[in-house]
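Listed below, chain by chain, are the residues.
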Amino acid sequence: MIEPTSGDILLGRGVPNKAYREIISANAATYAASTKSDKTNMSANIVTQLLNSNPPRRFLEKSETGEWQEVPLKRAVAKTSQALRDVVRDRAKAAAKSGNSSDNNNGGGAVAAATFSTVSSFQLTTTTINNASNNNESELDSSSSTPAAAAMPSYHPPAPNLLYPVPEFTATETMINSSSKEEDPSLLSEWIRRTLNEAANRIPAPVHSLTAEVRDTLALCSDDYLLPALRVAWSLADQLCKAEQEVAGQSLPVPRTNWADSIVIHNHIQNASEEDHLDNIGAELLPSLFKSDDDDDDGVVKHDGSRTQHIYSLGLVFYEIFSGGRRPSEIQQQQKVATRSGDAEAEDFSIQEELGDLDSLLVDHAAPIDLEGKLSIFDNIEDEFNTLPKKRHTQNSDFQNKCAVSVEPLKGKRVPVQLCDLIANMVDCINGTLSGDDAYQSMSHVRDDLQLMLERPAMYLYDQDMGRLSMTGLELGDTVFGRNEELSSLKECYRRSVSGNTEFAFISGHAGIGKSFLAYEFGKHVIMSGGIFLSGKFDQLQQGKPFSALASAFNGHCGMLMQSSELQTRREVVASKLRSSLGREACYLTKIIPCLNDILGSEQSDGTFYDNGCVDAQRRLQYLLCQFVEVLSSSYNNAPVTLFLDDLQWADSASIAAVSQLLCSTGSSSKQKQFFFVGCHREGIIDIDSTHPVRELVCNAELLGVPFTSLKLDCMGEETLNAMVSETLRVLPRLTRTLSNKIYRKTKGNPLCVSQLMLSLSKKRLLFPSLSRRRWEWDNEKIMNQKLPDDVAVFFTQSIADLPSDVRKSLFHLACFGASVEIAFVKTLEIALEMRGLCDNLDIAVDEGLLEKIGGQLRFSHDRIQEAAYNTLPADERCLFHHLCGRALASFSTPESDDNILLAAVNQINLGGPSAIQDTSQSFTIATVNLRAGQKAMAMSDFGAAYSYFNHGISFLQEGHWQEHYDLSLRLFELAAKCALAIGDLASMKLHLEQVVKEARSFEDALNVMYFSTCALAYSSRLRDSIQKSIEILTKLGIDLQESRSTEACVQETITLLTTRTDEEILNTRQMTEPTMIIALKFLAKLELGMTQIKPRFVPFVTQKIIELSLAKGMSPMSPIGFVYFGAFISKRGDISSGYRYVKLALSLLDKVGRESAGEVICIATQIKIFVEPIQAALEHHNDGYVASMVAGDVFNALLNTLLKISCMYVAGVKLQTMREEYEKFERLAKENNHSIFLVQIKQVQRDVLRLIGSDEEVTIPEEEKLIASNNSVLKTFCFRKAYISFMFRTYDDAKEYVLKFYECRENAWANLMVSHVNHALYTGLISFWVARKSRDAQLWIARGNESKLTLKRWAESSPWTFENKWHLLEAEESFSHNDYEVAKLFYKQAISSAKLHKVR
C-alpha cells in the first residue's frame, strides 16, 4: 500500500495540493496562448520534471477501495492539461462576468443583443488573459512570488527504462515566455455551420461530386465534426453540473426550448493545422439565459422546475448540434402554432397533438413496441393536462408546452446510435411516469456519458457491426477490470527489483478470479517499458515432464527469436554471447530449451549430454540458466528479464530451485542481475502444505532478506462488474447497470463465472444484438430465472455435456495431457489412437470457446475447463485409458524421435499405474521405458523427475525381477539412489542402496551405490565417517594407502615415480577404461578433499595412489586432482618450482581427460601460481575456477574459488571498503548454498574488516563455537583472526595469547600452500618481534619471527611482486628488536618502495 508524502501530487476532489496549484496557476496564461502541440509538451514537461525532481514526486489517486495508487504517466499528463484548462476557463469567466455586468441588464432575449454581449465579453476576456499572462511572467521572474513554481526542478530527459515510458516530444524552450493569442468567439449556430463546412471540405475529393445535402450528412457523422461537437456538448453539461453544485442552485439558467440561441463557442486560433484541437473548444451559456420576466427585482432567479427540465432543455441543444443546426420538427411545429394562435390555442393544439399523433410521442420507432398495456396509459392525459396551472405567456412560457421529440431524423443522418440514444434519454426525462427506464435523472450522468464518448469513442460512440455480432455472438476482450491497485503494487515491486533491490511477487486467489489475466496485463507493462517477459504454466498432468513450465517459458522466447526475420541480428547476438559465456556447456541448455539448438547451430549444440560424472547436474543447470538470463538481458541493452509461472500449486522442486537460484544468485559477476519473478497459485494449497517447493522458496527468500509481495485477489465488486459488462457490450455503464446487477447476484463477481455466464446468455439469445436498435439488448426476467451452480467446475461440466459425444470424447483425450498441448503432438495422438476426426472435433471446441489456438498450441481457455473435461470419465476408467494411451504412444517413441513423445507416453502409463496392467509380461517393457525416460530427465538435470521415473519403473517390476531382469533392476535401483541423493532424499537413497547391496551379484556391482553412500555421509557433516567408509571400500578393492609409512618416504616415492616420465609422456598416457578403477579413483578424489580438511598428514598417501593408478591403468577425469594436490603439497614444503610444474601439468590434463574436476584443480593450482606469478593475475584464474565449478555443479569448489579470490584481493592491497562489499556478496552466496563452514570463515574476516574501517556493525556467527570445536581449519582461522585484530589495535596480551593458540593448531590444518599462509607468515612474524621486545622470552619469540621472515624470503625469491615488501618489513622488525635502528630504517624504506612498485599491501 502506497503512503503519500508531502511531495506527492494527489489527484481528486478536495485534496490539498497547494504547491501543484501554484505551478499550474503560474503557467496557465502561457498554456492558454500556446498551440495544441505546445500545450501537450508543456503538460508533459511539468509532469516529467516533477517525476524527475529530487526527491522525485508521484502522481497519486485513490482506488475503488479508497487506497492511494500511482497513476500512469499518460493520465498524469491528462490531469495536468485539465488543471491548466480549468484555470484558464475560470479566469476567462471571471473576466467576462466583471466586464459584462452592465450588459446583463439588457435581458439578452434578442439574437442581436446576445451577439453584441458575446463579442464584448470576449474582447474583455482576451484582454484579461493577456494581462494575466504578462502578470504571471513578471511574477515568475521573481522567485519570491510563487514558491512552488520557483522550486520547479530543471528538466532532465527520462531514462530509457522508466517505469512509465515517456512519449517523445520536443521540449519547449520555456513554459513562460510566450505571447497570448486571441480567441474566435461565435454563436452556436455560426459555429455549427462553420465546423460542418470544414468537415465537409475534408471529405476525400471524389465525394465532392455529391449533392450538398449528402456531403453535409457525411460530414455530420465524421470525426471532424462529431468529436468537436461532443466537446461542446460536454462543456455545456459540465458548466451546468458545476452550477448545480453552487448554493441552492441560484446560478442555474431558466429552462427553455431555445437555449441554443444563447450559447457562445470559444475556439482558440491555431497557427498550424492540427489533427486534434478538441482542447481548444469551449462552450458557455450567455447571461441572458439566467434571467426571466418572473425574476425578483434583486436579480435572483427563482426556479420551480426540476433538474430534469434543464436536462430536457440541454437535450434540445444537443439535437440541434448533432443535426447540423436543425431544431426538432416537433419544437418548430409547436413554436409556429404558439405564435399564430396564442397561449390557449397552443395548449389545446399540444393536447390534440399528443393524443392524436403517436409519432410525436417519445418512442424510438426502431425498437419493438410493447402493446400489452394497450393505450390505457394515455386515458387521463387530457384531464391531467387541464389541471396544470395557467400563467401568462412570456418569452420562456413555451417550456410549459414541452413536447416529445423523436431522434429518428438523427439516425437517418447516420449519427451514432449511442449518441442518438443519449439525446432521446435526455428529452424523455420530463415525461414523468411515462419516461423510459433509460431516461436521465441527473445532469452529471449526462456529462459522464459524454466524457466516456470523448475519451473512448471506439468503445462508446461508434456503432458496432451488429450484423457480424449476430453471426459470431458475444466476443470477450482481454481487459483486466478492478485490479488497478494490485497492478500498481506489481509495477512498484518490479520497479524496485530492477532498480537493484531483488524482489518477487505472488498472486493468489480462487479459481477463475483473474490471477493469470492480471499477470499478463503486468507483462504488457514490462514489454512496453523495454523489458523481456517470459511465461510458463505448470500442469497437474505434466508433473513428470522435466522443467515443463520453466522450459516452456524460455523455449517460447527462443522460438519467437527464430520465427521473426526482423530479429535476426538479435538472434546472432544471443548466440555469440552464449558461445562466449558458456562455450560447449551451452549444449546442456538445449535439452530443456530445444529452440536454442536452432539459435546456436548444429556445430555448437551437438555433443554428449548425459554426463555421468558431473558433481551436481542440477546445480550446473541452475548456473547455466542464470548465465542465460544474463545473456538475454545484455542482448537487449541490459533489459530486465521477468519470468511468470502460472499454477505454482503444481510446481516441481527442481523448477522452483532454479527460480530460487535465478532470484538469489549473485554469481561471479559484479553486476546486479535484472531479474524479476511473479507466480500465480490457487489460494490455500501452498499455504497449507508446509512441504511444498514454493514454501521452501519463501523460506530461502526470508533467510536471505529478499522481500516479496503477496497479492490476494477477491471477486469483483458491483461497480467493477458493471464496467466489465459495459465495455464488453460497448454500452454506456448507466444503461448496463440493471444487467450487471443481475449477473452479480448470479456469480458473486467471479470473473470467470461472469464471462462464462455472459457467453451462455448470448448462446441462449437472452443477451442478443438488436439489429433495429443497433446495440446489445437483454431479457431481464429470463436472466433472473437462469440457474447457475455454485461450483464453476460444475458449470463447465454442464457446458461440456451439451456438446456432441465425439467432441466430448476428444476433449477428454486432450485433457489427459494437461492444459496445453502442441498441435503437432495432437496429430501424432490422432494416428496413435487411430481416432479419426480428433483434430476436427477439437476445432469445434475452439469455436465453442472451450479451447484456444495460440502459437502452435491447443490450450484450454481455463484450467477449470480442462479439469471439467478430464472428470467426464470415471476415475477407474481413466486409469485404463491412460495405460492404453501411453502404450500406443510408446510404440511411436524411438531413440531418434522427439523426447516429448517418450515422456508423454511414460507419463500416461504411470498415471494408469501398475493396476492397469492386464498382461504381466508387459511389466518389463514398461519398466524399460521408465528407465529411458529417467535417463532423459537426468540429461535435462531434473533429478526429481528422473527419480519419479525410476521409482515408477521399480513399481512395475514383478516378483523375482532380480533373478529374471537383473541388469534392468540394478540400473533402476542404482540410478534411483543417485537421484535420491541429488534431491536430498537420503532416506529413500538408503532404501535403494540396501536393496542393491543385498541383491548385487558382485562387490563391484554395488560400488556405485557405495560411492553415493560416502557422498551422503559427507553432505551430512559426517566427514570422518565418510573417510573411514571410503578407506574400507578401497581396501576391499585391493588399494592400500600404506599409511604406516612416513610422509617423507611417501613424497620421495612419488617424486621418483614422476621423474621416470617426461611431461609429454604423462599427458599422452592412455585413457582409463576399467570401470572398477574409474570408480576407485572417484573414492580417492573424494578422500583427497576430505583429508585435506581434517587429516592433512595423510594427504600425500592418497595423492601418491591417484598418480600411481593413473600412470599404470590410464588417466581418468579424477587424475588431475592427484597431480595438483601433489604440486601444492611439495610447494608448501618449500619446493615451489617443482610444485609449479605439477600444477601446470594438472591444468593441461584437464583438456585431455575432461573438465569434471576443473573447478577443484584450478582452485588449488591458482594458489600455487600466486607464489610464482603476480598476485593480481590470480584473481581472473579464480573467476575461471568459479565458472568451471558451477558448470560441473560443484558448489563447494565454486565457493572455495570465490573465497580464495577475496583473500588474494586483500593481499593485493584492495581498499577495505571494497573488501567489505566483496565479503557481503560472498556471505550471501554461502547462505544461498547453505555452506556454514564458509559462512563462519568469511564472517570472521568480515568482522575484522568492519572494525578496521571504524564501523559499529555487529557480526554474529551462530554456529561458530560448534564448528571451532569440530573443524581444525575453522579453529586455526579463528585464532589467527583474533591475534591479527589484537595486533592491529595494539592489544598486547590478546595478541600473544591467540598467536600461541595459532601455533598449536597450524600443523593440523590444510596440507596445501595457500594465500592465507602469506598473512599467517607476515603477521605471526610481526607479532613475534613485537612480543620479543616486551617479553622475557625474547630469544624464543625472535626465533619464531625469524622463521616467518625466512619463509617470506624464500617466497620472495620465487615471486618478488607479492612477497618482497613483506620480507623487507620483517627484516626491519628484526633489526628494530635488536636495537639496530639504522638498518631497520633502511629495510622500512625498502618495504615501502617495493609495495608501491608492485601495488600490493
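Thresholds, definitions, all that
Residues numbered from 1 in each chain as written. Predicted model: local features only at pLDDT ≥ 70, side-chain atom pairs only at ≥ 80, totals over all residues. Heavy atoms only, no water. Core = buried A, V, L, I, M, F, W, Y, C linked by side-chain atoms within 4.5 Å. Buried < 20%, exposed > 50% of the residue type's maximum accessible area, 1.4 Å probe, protein only. Helix = DSSP H or I, 4+ residues; strand = E, 2+ residues; numbered from the N terminus. Contact = heavy atoms within 4.5 Å. Salt bridge = Lys/Arg side-chain N within 4 Å of Asp/Glu carboxyl O. Polar contact = N/O pair within 3.5 Å; in protein donor to acceptor, adjacent residues only side chain to side chain. 1 Å grid on protein atoms, 1.4 Å probe; cavity = no way out; pocket = protein on both sides within 12 Å on 5 of 7 lines; lining within 4 Å. Points joined across faces, edges and corners; volume = space filled by probe spheres on them. Nonpolar A, V, L, I, M, F, W, Y, C, P; charged D, E, K, R; others polar. Pairing = 2+ DSSP bridges. Axes fitted to C-alpha atoms, helices over the stretch in contact; angles between N-to-C directions.

**Describing the nonpolar core**
Across soluble globular proteins, nonpolar side chains have a tendency to be buried as a group. Counting 228 residues, the largest nonpolar core has Leu625, Phe628, Leu643, Phe677 and Phe1123 as its most contacted members. Here this core takes twelve residues from helix α54 (residues 1195-1211), the largest share from any one element. Once residues within four sequence positions are removed from consideration, Phe628 is found in contact with Phe554, Cys558, Val574, Leu578, Leu589, Ile593 and Leu596. In terms of nonpolar packing, the next biggest core, distinct from the first, is built from 86 residues, Leu316, Leu419, Tyr440 and Val446 among them.

**Quick notes on the pattern of salt bridges**
In this structure the tally under the stated criterion is 41 salt bridges. For Arg496, the salt bridge is made with Glu503, and the minimal N-O distance between the two is 2.6 Å. Note that Arg1133 is salt-bridged to Glu1048, the shortest N-O span being 2.0 Å. Of this pair, Arg1133 sits in the loop between α50 (1119-1132) and α51 (1136-1153) while Glu1048 sits in helix α46 (residues 1047-1059); the two residues are 85 residues apart in sequence, bridging distant segments of the chain. Here the residues in one salt-bridge network are Asp238, Lys242, Arg447 and Asp448, joined through shared partners.

**Quick notes on the side chain of Asn1365**
Structurally, Asn1365 is set in helix α62 (residues 1360-1377). Judged by relative accessible area, Asn1365 falls into the buried class, the value being 6%. A polar contact is formed between the side chain of Asn1365 and the side chain of Lys1366, at a distance of 3.4 Å.

**As for empty space enclosed by the protein**
Summed over all chains, the structure comprises twelve cavities of 30 Å³ or more. There is about 530 Å³ of room inside the largest cavity. Forming the walls of the largest cavity are 27 residues, and the residues nearest its centre are Leu1203, Ser1207, Gln1241, Thr1277 and Ser1316. Secondary-structure elements contributing two or more residues to the lining of the largest cavity are α54, α56 (1236-1252), α58 (1272-1288) and α60 (1316-1332). For the lining of the largest cavity, the element with the highest residue contribution is α54, accounting for eight residues. Per-class residue counts for the lining of the largest cavity are 16 nonpolar, nine polar and two charged.

**With respect to the sheet that holds strand β16 (residues 857-860)**
Across the sheet, three strands lie side by side as β14-β16-β15; this open sheet has antiparallel pairing. Each end of this open sheet is capped by a strand with a single partner; those strands are β14 (820-822) and β15 (851-854). Adjacent strand axes in the sheet meet at a mean angle of 20° when their direction is disregarded. The pairing of β15 with β16 spans four bridges and is classified as antiparallel. The residue bridging Lys853 from the neighbouring strand is Leu858, located in β16.

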